[in-house]
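Coordinate analysis (summary)
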Amino acid sequence: MSIGDAEKPRNFGNTGRRLLLYFKQLKGKLLVAISMTVLSTAFTVLAPEILGRVTTQLYLGVTTGIFLWDKMITTLLLLTVIYLISQVFAFAQNFLMAEITSRIIYLIRRDLNIKLNRLPLRFLDSKTHGELLSRVTNDVETVSSTLQHSFTQIISSLTTLVGISVMMLLINVWISLVAFAVIPLALFTSSIIIKASQKYFINQQAFIGAMNGHVEEMYTAYSVVRSFNYEEEAKA
């Protein structure tokens, strides 16, 4: 396959199930991290409603000339506590997900090392060193970044969507329905962008593998390159 060709996953379902096996080994900590993400997002969604009460009290104070400072200060203190609790849960979730991700990546690299040692020589000879290094380093780092950031972001986004939808319906049903009508259009646009960008991401990983292969072979075999006057061809 050329670098410019987009390769689709050969067995995405099986790969996903194998990845879930790593999650099962840390399911206790993972459930705690998910719970912290949900709680942090829930408090963040609740905060604007409390802030709206302060705004209403200020508006009534301006219009009537009577400011209930004790009530406003109490509400602001409650708002501060809510934000602090949200940040504490967010910090704990990030810390725990970093630990979970590190452990899962360690297990993946351990199994990958065992797999590489079992591969036949004909497979190793058919691949450049850089391509193999790209699989072991860049691809695994991509999985690590996805687990640590995208995974929790998905949970946070879903919780935020549900929480904001409930708050919007409680405030005004008709305006909420107008906002909900835009969601299918946003999903349709996102799906188009994802499909269009997927091939570029695959090409990026292929280019990285080719570049690593060229650099690794040229520098590792530098004495051979010099011996056969291959410098100009190596630059090309």
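Okay, so let's go over this structure. (Residues numbered from 1 in each chain as written. Predicted model: local features only at pLDDT ≥ 70, side-chain atom pairs only at ≥ 80, totals over all residues. Heavy atoms only, no water.)

As a further point, take the overall build of the chain. Secondary structure assignment for the chain yields eight helices and zero strands. In the chain, the order of α-helices and β-strands from amino to carboxyl end is α-α-α-α-α-α-α-α. Across the 236 residues that make up the chain, the buried fraction comes to 22%. Summed over its atoms, the accessible surface of the chain is roughly 17000 Å², and 68% of this surface lies on carbon and sulfur atoms. (Helix = DSSP H or I, 4+ residues; strand = E, 2+ residues; numbered from the N terminus. Buried < 20%, exposed > 50% of the residue type's maximum accessible area, 1.4 Å probe, protein only. Areas by Shrake-Rupley, 256 points an atom, 1.4 Å probe, with all protein chains shown as cover.)

Grouped together as the largest cluster of nonpolar side chains are 14 residues, with contacts concentrated most on I100 and I104. Among the secondary structure elements, those contributing two or more residues to this core are α1 (12-24), α2 (27-64), α3 (69-118) and α5 (129-171). By residue number, the principal contributor to this core is α3, which donates seven residues. For I100, the contacting residues outside a window of four places in its chain are L26, K29, L30 and A33. (Core = buried A, V, L, I, M, F, W, Y, C linked by side-chain atoms within 4.5 Å. Contact = heavy atoms within 4.5 Å.)

Attention shifts here to α2. The end-to-end C-alpha distance of α2 is 56 Å, a good match for the 56 Å that 38 residues give at a rise of 1.5 Å each. Turning to α2, its buried residues number three or more, namely L30, A33, M36, T37, S40, T41, V45, A47, I50, V54, Q57 and G61. Count one or two residues on from α2 and you reach G65, which has phi positive near 80°. (Expected span 1.5 Å × (residues − 1).)

Turning next to the packing of aromatic side chains. Per the counting criterion, the structure on display carries one aromatic pair. With 6.2 Å between their ring centres and 10° between their planes, F43 and F89 make a pair best called stacked. One end of the pair, F43, is in helix α2; the other, F89, is in helix α3, with 46 residues separating them in the sequence. (Phe/Tyr/Trp six-rings, centres within 6.5 Å; stacked < 30°, edge-to-face > 60°.)

Mapping A179 onto the fold places it in helix α6 (residues 173-220). Spatially, the C-alpha atom of A179 lies 9.4 Å from that of S165, the residues being 14 residues apart in sequence.

Right, let's talk about the pattern of salt bridges for a bit. With the rule as written, the count across this model stands at three salt bridges. A salt bridge links E99 to K29; its shortest N-O distance comes to 2.5 Å. A residue pair is termed long-range when its members are at least 10 positions apart, and E99 in helix α3 and K29 in helix α2 qualify at 70 residues. Judged by relative accessible area, which is 36%, E99 ranks as partly exposed. We note a salt bridge from R110 to D111, for which the minimum N-O separation is 3.3 Å. (Salt bridge = Lys/Arg side-chain N within 4 Å of Asp/Glu carboxyl O.)

This paragraph deals with a nonpolar patch on the surface. Taken together, the side chains of L58, V62, F67, W69, I73 and L77 define a hydrophobic patch exposed on the protein surface, amounting to about 610 Å² of accessible area. Looking at the nonpolar patch, the elements with two or more residues in it are α2 and α3. On the basis of relative accessible area, W69 is assigned to the exposed category, the value being 51%. (Patch = residues over 30% accessible without salt bridge, like charges linked within 9 Å, V, L, I, M, F, W, Y side chains within 5 Å.)

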